[in-house]
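Spelled out from the first residue to the last, the chains are:
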Amino acid sequence: MARKGKHRLVDLDRANDIAPGLEVKTRKRLVVVSGSSHPELARQVAEQIGTELAPTEHRVFASGELYARFEVSVRGCDVFVVQSFRGSVNQQLMELLIMLDALKRASAKRITVVVPYFPYSRQDKKGRGREPISARLVSDLLATAGADRVMSVDLHAAQIQGFFDGPVDHLFAKPVLLEHFEATLSAEDREKLTIVSPDMGRVRVADTWSDSLDAPLAIIHKRRDPTVANQVSVHEIVGRVRGRVCLLVDDMIDTGGTIVKAAQALKDNGAERVIVAATHAVFSDPATDRLQDASIDEVVVTDTVPLPVGKHFPGLTVLPIAPLLARAIHEVFEDGSVTSMFDGAA
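To continue, consider the pattern of salt bridges. Between side chains of opposite charge, a pair can form when the charged atoms approach closely. Using the criterion set out here, one finds 18 salt bridges in the structure. The salt bridge involving Arg59 is made with Glu57; its shortest N-O contact spans 2.7 Å. Given the relative accessible area of 22%, Glu57 is considered partly exposed. A salt bridge links Asp140 to Arg136, with the nearest nitrogen and oxygen atoms 2.9 Å apart. Highlighted residues: Asp140 and Arg136, both in helix H3 (residues 134–145), separated by 4 residues, approximately one helical turn. By relative accessible area, which is 31% here, Asp140 ends up partly exposed. Through salt bridges with shared partners, a single ionic network connects Glu40, Arg43 and Glu47.

See the structure below:
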């Protein structure tokens, strides 16, 4: 056996089926890169980790075609690509795919896609005949482009994890939101607190909130018209809400129709106050106007998606998600446990 510099020469050993070659002790390198959709979030994540974003060139040609190039070497790196989705979703998705292809061709060792808000997540199943399952298509596109792993926050449907043939880290914004409410709700509010699920699909999540805050649970039964987008009719409330401080919990707010009708139903049934907590503030028009309805006293969201200044309004609180993402990225890089961040629930 001989040594040469930092390399250890290994001789042929037929008896133990060992091939001749060099053994090299390598060091892992974590690199964070950002798409153009939410660079501020990516910068905050890198800052929390203790590094900075790798320089990346983004261009849009006159023809509308996108271009991305990494200005430094990423060979052998553990790369985390941060890209969220709001507004020009299709352009942002194409940009992400191009970045993944560039990383793959640049010999990145492992590529993790960090998509705080998973695009097309509401198209997770067929509700009617001849419909696509677009969330599965997005997963296939990410894998084909070169993603080895996906990390997302509060998927609209947990089954999306099974659409990707590789590890999926499903993070929850609940600890971030919960910390806020534990610090801001008064003792009187806690005595009168009721957790409300805006529909049957969110009951399991609302139930965990009920356990964490030691508060009763109420459920709103709603019915959608499958042929009309963003149209909801509230039917009845299961649980006691009269004279209560109601905390409505949901994964996202798009146009705000569901949340506002739910809040109005709660106030009509005697609720004292209605507070809305959601992870993804998509806020498609006319959400900003709707959420200022008299039935809603406060709205608390995270910054998983970029929220322009014009979308802010009195009564809105935006909490940073970067510390949660940074901790999860650190656990993945160090081969630690993401599940431990959520008491075994992830």
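What follows continues from the structure just given.
Bringing unusual backbone geometry into the picture now. For the peptide bond that leads from Asp285 to Pro286, omega is 5°, which places it in the cis range. Looking at the secondary structure, you find Pro286 in the loop between strand S15 (273–281) and helix H8 (287–290). The backbone of Arg130 shows a phi angle near 65°, a positive value even though the residue is not glycine. Along the chain, the position of Arg130 falls in the loop between strand S8 (110–115) and H3. Residue Arg130 is classed as exposed on the basis of its relative accessible area of 82%. At Asp214, a residue that is not glycine, the phi angle is positive and equals roughly 50°. As for its placement among the helices and strands, Asp214 is situated in the loop between helix H6 (203–213) and strand S12 (217–224). Judged by its relative accessible area of 70%, Asp214 is exposed.

Right, let's talk about helix H2 (residues 89–105) for a bit. An ideal rise of 1.5 Å per residue puts 24 Å on 17 residues; H2 measures up with 24 Å between its terminal C-alpha atoms. The set of residues buried in H2 consists of Gln92, Leu93, Glu95, Leu96, Leu97, Met99, Leu100, Ala102 and Leu103. Positive phi shows up at Ser107, right after H2, with a value of about 70°.

A separate point is the sheet that holds S8. Here 5 strands make up an open sheet; going across it, the order is S4-S7-S8-S9-S10 and the pairing parallel. The open sheet terminates on both sides in strands that have one partner only, identified here as strand S4 (30–34) and strand S10 (168–171). For this sheet the average axis-to-axis angle between neighbouring strands, irrespective of direction, equals 20°. Here 4 bridges tie S8 to strand S9 (residues 149–153), and the two strands are oriented parallel to one another. Across the sheet, Val113 pairs through a bridge with Val150, a residue of S9.

Procedures and definitions
- Residues numbered from 1 in each chain as written.
- Predicted model: local features only at pLDDT ≥ 70, side-chain atom pairs only at ≥ 80, totals over all residues.
- Heavy atoms only, no water.
- Salt bridge = Lys/Arg side-chain N within 4 Å of Asp/Glu carboxyl O.
- Buried < 20%, exposed > 50% of the residue type's maximum accessible area, 1.4 Å probe, protein only.
- Helix = DSSP H or I, 4+ residues; strand = E, 2+ residues; numbered from the N terminus.
- Expected span 1.5 Å × (residues − 1).
- Pairing = 2+ DSSP bridges.
- Axes fitted to C-alpha atoms, helices over the stretch in contact; angles between N-to-C directions.

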